[in-house]
Amino acid sequence: MSGPTVEGHRSAECALAAARPAYERLHDDCRQTKDVPLPYGGGAVLVPRCACPCHRQGAEGER
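Please read these numbers as outputs of a predicted model, since none were measured by experiment.

Considering the overall build of the protein
In step 1: Broken down by element type, the protein carries one helix and two strands.
In step 2: When the elements of the protein are put in sequence order from the N terminus, they spell out α-β-β.
In step 3: Each of the 63 residues in the protein was classed as buried or not, and the buried ones make up 17%.
In step 4: Carbon and sulfur atoms form 53% of the exposed surface of the protein, whose accessible area is close to 5100 Å².

This is the structure in structure tokens:
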């Protein structure tokens, strides 16, 4: 059994903004700008950073 891949994951805001031209401003509402680790998970990611190309990927994944 395989789960969804983290590579290419988009937030709900960015997915909607990319799919619908009228919602382009939703990219500004995306808050998934860095990975959220699973507490005591040994590096496992609970919520991955949004991989939308609208985000400028800095050293820490900040916008």
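Here the narrative resumes, following the displayed structure.
Some thoughts on the pattern of salt bridges
In step 1: With the rule as written, the count across this model stands at one salt bridge.
In step 2: For Asp-28, the salt bridge is made with Arg-25, and the minimal N-O distance between the two is 3.9 Å.
In step 3: Classification of Arg-25 as exposed rests on a relative accessible area of 66%.

Observations regarding the confidence of the model for the protein
In step 1: In the predicted model, the protein carries a mean pLDDT of 80, and 76% of its residues have values of at least 70.
In step 2: Mean pLDDT across the elements of the protein bottoms out in strand S2 (residues 45–47) (90) and peaks in strand S1 (residues 36–37) (93).

Description of a nonpolar patch on the surface
In step 1: Judged by side-chain polarity, Val-36, Leu-38, Leu-46 and Val-47 come together as a nonpolar surface patch covering roughly 300 Å² of accessible area.
In step 2: Residue placement: Leu-38 occurs in the loop between S1 and S2.
In step 3: Using a relative accessible area of 37% as the deciding quantity, one classes Leu-38 as partly exposed.

Criteria and cut-off values
Residues numbered from 1 in each chain as written. Predicted model: local features only at pLDDT ≥ 70, side-chain atom pairs only at ≥ 80, totals over all residues. Heavy atoms only, no water. Helix = DSSP H or I, 4+ residues; strand = E, 2+ residues; numbered from the N terminus. Buried < 20%, exposed > 50% of the residue type's maximum accessible area, 1.4 Å probe, protein only. Areas by Shrake-Rupley, 256 points an atom, 1.4 Å probe, with all protein chains shown as cover. Salt bridge = Lys/Arg side-chain N within 4 Å of Asp/Glu carboxyl O. pLDDT = per-residue confidence, 0-100. Patch = residues over 30% accessible without salt bridge, like charges linked within 9 Å, V, L, I, M, F, W, Y side chains within 5 Å.

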